[in-house]
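# Close look at the chain arrangement
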Amino acid sequence: MRPPAKRIEIRPADPDTPTIRAMIDAHLAHSRETTPADSIHALPVQSLRAPEIRFWALFGDGVPQGCGALKDLGDGLVEIKSVHVARTARRRGLARRIMLFLQAEAAKTGNTAMALETGSELLPDFEAARALYNSLGFTPCDPIPGYGPDPNSVFLHLRLDPHAS
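Summary of the structure given here. Every value quoted in this text rests on a predicted model; they were computed, and no experiment measured them. (Residues numbered from 1 in each chain as written. Predicted model: local features only at pLDDT ≥ 70, side-chain atom pairs only at ≥ 80, totals over all residues. Heavy atoms only, no water.)

Along its 15 residues, helix 3 (residues 94-108) runs 21 Å from first to last C-alpha, staying within 8% of the 21 Å computed at 1.5 Å per residue. All of the buried residues in helix 3 are Leu94, Ile98, Met99, Leu102, Glu105, Ala106 and Ala107. On its buried side, helix 3 packs onto strand 1 (8-12), strand 2 (53-60), strand 3 (63-74), strand 4 (77-85), strand 5 (113-119) and helix 4 (127-135). Of the residues trailing helix 3, glycine 110 is marked for its positive phi of about 85°. (Helix = DSSP H or I, 4+ residues; strand = E, 2+ residues; numbered from the N terminus. Expected span 1.5 Å × (residues − 1). Buried < 20%, exposed > 50% of the residue type's maximum accessible area, 1.4 Å probe, protein only. Contact = heavy atoms within 4.5 Å.)

Okay, here's the thing in structure tokens:
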């Protein structure tokens, strides 16, 4: 395992950059390996470049180690998409850093709530993600716009204070 990065930076990025594309490809491969095909909601690179999506990468000492995105759903609601940390950089709190960054960005731009979809209890590979979201105050909700009920999915919601940032 690589030693922890000394300098961590999160900045806007193009998901089609080769090193970041490789991370998105790993994220998609993980989805295919752990989720039934009709329950995969991870976005490919081209979808992450859509105008309603803002995408960031987390860099450790200049090397991409994680990513996350916000998709504008309108009416003050953003969806968290594509939170991923490279396998070699896991267990260092980077997913939490990405989530807190996304929360601050969403609030800073006037949004009042965040929502996300992740694997349900039927998919044990998503246990760590569910625990992280729970620790950040996300609570279960009905399917968010663009989704229907799915036993392999859990939908989570977090109210934001747009004046807090």
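Turning our eyes to something else, we now look at helix 1 (residues 18-34). If you check helix 1, its first and last C-alpha atoms are 24 Å apart, about what 17 residues at 1.5 Å a residue would give, namely 24 Å. Listing the buried residues of helix 1 in full gives Ile20, Met23, Ile24, His27, Leu28, Ser31 and Thr34. Relative to the axis of helix 1, the buried residues are bounded by an arc of 145° and lie together on one face. Opposite the buried face of helix 1, by more than 90 degrees, sit the exposed residues Pro18, Arg32 and Glu33. As for helix 1, its buried residues are in contact with helix 2 (45-48), strand 2, strand 3 and strand 4. (Arc of directions from axis to C-beta.)

What follows deals with unusual backbone geometry. One non-glycine residue, aspartate 61, adopts positive backbone phi at about 50°. Looking at the element boundaries, aspartate 61 is found in the loop between strand 2 and strand 3. Owing to a relative accessible area of 43%, aspartate 61 belongs among the partly exposed residues under this scheme.

Taken as a whole and assessed by the stated rule, the structure comprises three aromatic pairs. A centroid spacing of 5.4 Å and a plane angle of 65° characterise the contact between tyrosine 147 and phenylalanine 155, whose relative ring orientation is edge-to-face. Like tyrosine 147, the residue phenylalanine 155 is buried in the burial classification. Arginine 11 extends its terminal NZ or CZ atom over the ring of phenylalanine 59, reaching a point 3.7 Å from the ring centre. (Phe/Tyr/Trp six-rings, centres within 6.5 Å; stacked < 30°, edge-to-face > 60°. Lys NZ or Arg CZ within 6 Å of the ring centre and 35° of its normal.)

With that out of the way, let us pick up the sheet that holds strand 2. If you walk across this open sheet you meet the seven strands as 1-2-3-4-5-7-6, and the pairing is mixed. Sheet topology places strand 1 and strand 6 (139-140) at the edges, where each strand pairs with a single neighbour. By the bridge criterion, five bridges tie strand 1 to strand 2 in an arrangement that is antiparallel. Counted as the bridge partner of glutamate 9 is phenylalanine 59 from strand 2. Against the sheet, helix 3 contacts strand 1, strand 2, strand 3, strand 4, strand 5 and strand 7 (153-159), and its axis sits at roughly 160° relative to strand 4. Taken strand by strand, helix 4 contacts strand 4, strand 5 and strand 7, and its axis lies near 160° from that of strand 5. (Pairing = 2+ DSSP bridges. Axes fitted to C-alpha atoms, helices over the stretch in contact; angles between N-to-C directions.)

Now for the nonpolar core. Counting residues in hydrophobic clusters, the biggest one holds 23 residues, and the most contacted among them are Leu70, Ile80, Met99, Leu102, Met114, Tyr133 and Phe138. Listed by contribution, the elements that provide at least two residues to this core are strand 2, strand 4, helix 3, strand 5, helix 4 and strand 7. The element best represented in this core is helix 3, accounting for five residues. For phenylalanine 138, the residues in contact, after removing those within four places along its chain, are Ile80, Met99, Met114, Leu116, Tyr133, Leu156, His157 and Leu158. (Core = buried A, V, L, I, M, F, W, Y, C linked by side-chain atoms within 4.5 Å.)

So, on to the layout of surface pockets. Empty space within the largest pocket amounts to approximately 970 Å³. His30, Val83, Phe126, Ala129 and Tyr133 are the residues nearest the centre of the largest pocket, which is lined by 37 residues in total. The set of elements that each furnish at least two residues to the lining of the largest pocket consists of helix 1, strand 4, helix 3, strand 5 and helix 4. With seven residues, strand 4 is the single largest residue contributor to the lining of the largest pocket. Taken together, the residues of the lining of the largest pocket sort by class into 17 nonpolar, 12 polar and eight charged. (1 Å grid on protein atoms, 1.4 Å probe; cavity = no way out; pocket = protein on both sides within 12 Å on 5 of 7 lines; lining within 4 Å. Points joined across faces, edges and corners; volume = space filled by probe spheres on them. Nonpolar A, V, L, I, M, F, W, Y, C, P; charged D, E, K, R; others polar.)

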